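# Architecture at a glance
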Amino acid sequence: MLADALGCGFVEADDHHSHANKDKMSNGVPLTDEDRLPWLESLRDTIRERLGRGEDVAVSCSALRLKYREVLRQGDVSYKPGSYGACRVKFVCLEASAEVIAERVRCRAAEGGHFMPASLVRSQLDLLEIDAAEGITVIDATVPAHAIVQATVAQFRDELASTAR
Ligand SMILES: Nc1ncnc2c1ncn2[C@@H]1O[C@H](COP(=O)(O)OP(=O)(O)OP(=O)(O)O)[C@@H](O)[C@H]1O
Ligand SMILES: O=C(O)[C@H](O)[C@@H](O)[C@H](O)[C@H](O)CO
């Protein structure tokens, strides 16, 4: 929905996970940083390729830790570590309580549509870290999806305009 609103391409980060990573998560075992590195590098390369072609892209991704986001920010070849504001790779954090998130994941797992069990939600939230200096946009994810998109686009238009090349 966000990609449509921005008129850009879309990449689902889960499509970049190896079979081994997906199997691990299906079995209720959290991934390690080592498991995640090749996945993040693959996403970084995809972002780099798209930006290199002059395209924008929206990526849905559990970029939980600052060091994961630093890999993704390298998708902008001009990125200097720590210069968050100047980076073409922007993040939006969809915020909801642990209960709301676990319930959504449970519903989705019950529909049989996803490898990720609700039992892993706690380990994901335990890893989530956002450094205030990053200036990440935080959006309330408990409102309807179209309102989330609207709020995100409003934020992104300004931010993207300021780093457009
Ligand atoms: N704004 C919303 N209001 C109510 N339910 C929502 C909202 N957004 C998503 N959901 C529901 O939450 C579940 C998970 O949503 P979705 O698969 O889009 O999340 P996701 O961020 O892609 O998850 P993951 O990163 O774990 O794959 C779905 O069942 C979806 O219908
Ligand atoms: O880094 C990870 O542990 C994974 O990317 C997970 O976060 C899941 O794949 C995601 O939450 C389901 O979409």
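Our structure is the block above this text.
Model, not experiment: these values are computed from the prediction.

### Quick notes on the overall build of the protein chain
Scanning the protein chain from terminus to terminus reveals seven helices and four strands. Overall, the protein chain shows an N-to-C arrangement of helices and strands of α-β-α-α-β-α-β-α-α-β-α. The globule rule puts the C-alpha radius of gyration for 165 residues at 15 Å, and the 16 Å found for the protein chain is close to it. Summarising its shape, the C-alpha atoms of the protein chain cover approximately 45 × 35 × 30 Å along the three principal directions. Each of the 165 residues in the protein chain was classed as buried or not, and the buried ones make up 12%. Look at the contacts in the protein chain between residues 6 or more apart in sequence, and 67% of them connect residues 24 or more apart.

### As for the nonpolar core
By size, the foremost hydrophobic cluster in this structure holds eleven residues: Leu-40, Leu-43, Ile-47, Ala-58, Val-59, Ala-63, Tyr-68, Leu-72, Tyr-84, Cys-87 and Val-89. Going through the elements one at a time, α3 (33-52), β2 (57-60) and α4 (66-73) are the ones with two or more residues in this core. Discounting chain neighbours no more than four positions away, the residues touching Ala-63 are Tyr-68, Arg-69, Leu-72 and Phe-91.

### A closer look at the site of ligand 1
Near ligand 1 the following residues occur: Asp-14, Ser-60, Ser-62, Arg-104, Cys-107, Arg-108, Met-116, Ala-141, Pro-144, Ala-145 and Ile-148. Listing elements by their share of the shell around ligand 1, those giving two or more residues are α5 (98-110) and α7 (145-163). The element that contributes the greatest number of residues to the shell around ligand 1 is α5, accounting for three residues. Residue composition of the shell around ligand 1, grouped by class: six nonpolar, two polar and three charged.

### Considering the environment of Asp-131
By secondary structure assignment, the location of Asp-131 is in the loop between α6 (121-127) and β4 (137-140). When the C-alpha atoms of Asp-131 and Met-1 are compared, they prove to be 27 Å apart, with 130 residues separating the residues in sequence.

### Focus: α3
Taking 1.5 Å of rise per residue, the 20 residues of α3 would be expected to cover 28 Å, and the 27 Å separating its terminal C-alpha atoms lies within 8% of that figure. Among all positions in α3, only Arg-36, Leu-40, Leu-43 and Ile-47 are buried. Relative to the axis of α3, the buried residues are bounded by an arc of 65° and lie together on one face. Across from the buried face of α3, at angles greater than 90 degrees, the exposed residues are Glu-34, Glu-49 and Gly-52. In this structure, the buried side of α3 is in contact with β2 and α4.

### Some words on the site of ligand 2
Every residue near ligand 2 is listed here: Asp-14, Leu-31, Arg-36, Ser-62, Met-116 and Gln-124. A class-by-class count of the residues in the shell around ligand 2 yields two nonpolar, two polar and two charged.

### Quick notes on α4
Those residues of α4 not exposed but buried are Tyr-68, Arg-69, Leu-72 and Arg-73. For α4, the buried positions fall inside an angular range of 140° around the axis, keeping them on one side. If you follow the buried residues of α4, they end up packed against α3.

### Quick word on the packing of α3 against α4
Interaxial distance between α3 and α4 falls to 8 Å at its minimum, and their mutual angle equals 35°. Of α4, the residues touching α3 (which contributes Arg-36, Leu-40, Glu-41, Leu-43, Arg-44 and Ile-47) are Tyr-68, Val-71 and Leu-72. Residue composition of the contact of α3 with α4, grouped by class: six nonpolar, no polar and three charged.

### A look at the environment of Glu-41
Here Glu-41 is to be found in helix α3. Note: C-alpha distance between Glu-41 and Val-71 (30 residues apart in sequence) is 6.7 Å.

What counts, and at which threshold
- Residues numbered from 1 in each chain as written.
- Chains lettered and ligands numbered in written order.
- Predicted model: local features only at pLDDT ≥ 70, side-chain atom pairs only at ≥ 80, totals over all residues.
- Helix = DSSP H or I, 4+ residues; strand = E, 2+ residues; numbered from the N terminus.
- Rg over C-alpha atoms; globule rule 2.2 N^0.38 Å.
- Buried ≥ 20, exposed ≤ 12 C-beta atoms within 10 Å, placed from the backbone.
- Contact = placed C-beta atoms within 7 Å.
- Core = buried A, V, L, I, M, F, W, Y, C linked by C-beta atoms within 7 Å.
- Near = placed C-beta within 6 Å.
- Nonpolar A, V, L, I, M, F, W, Y, C, P; charged D, E, K, R; others polar.
- Expected span 1.5 Å × (residues − 1).
- Arc of directions from axis to C-beta.
- Axes fitted to C-alpha atoms, helices over the stretch in contact; angles between N-to-C directions.

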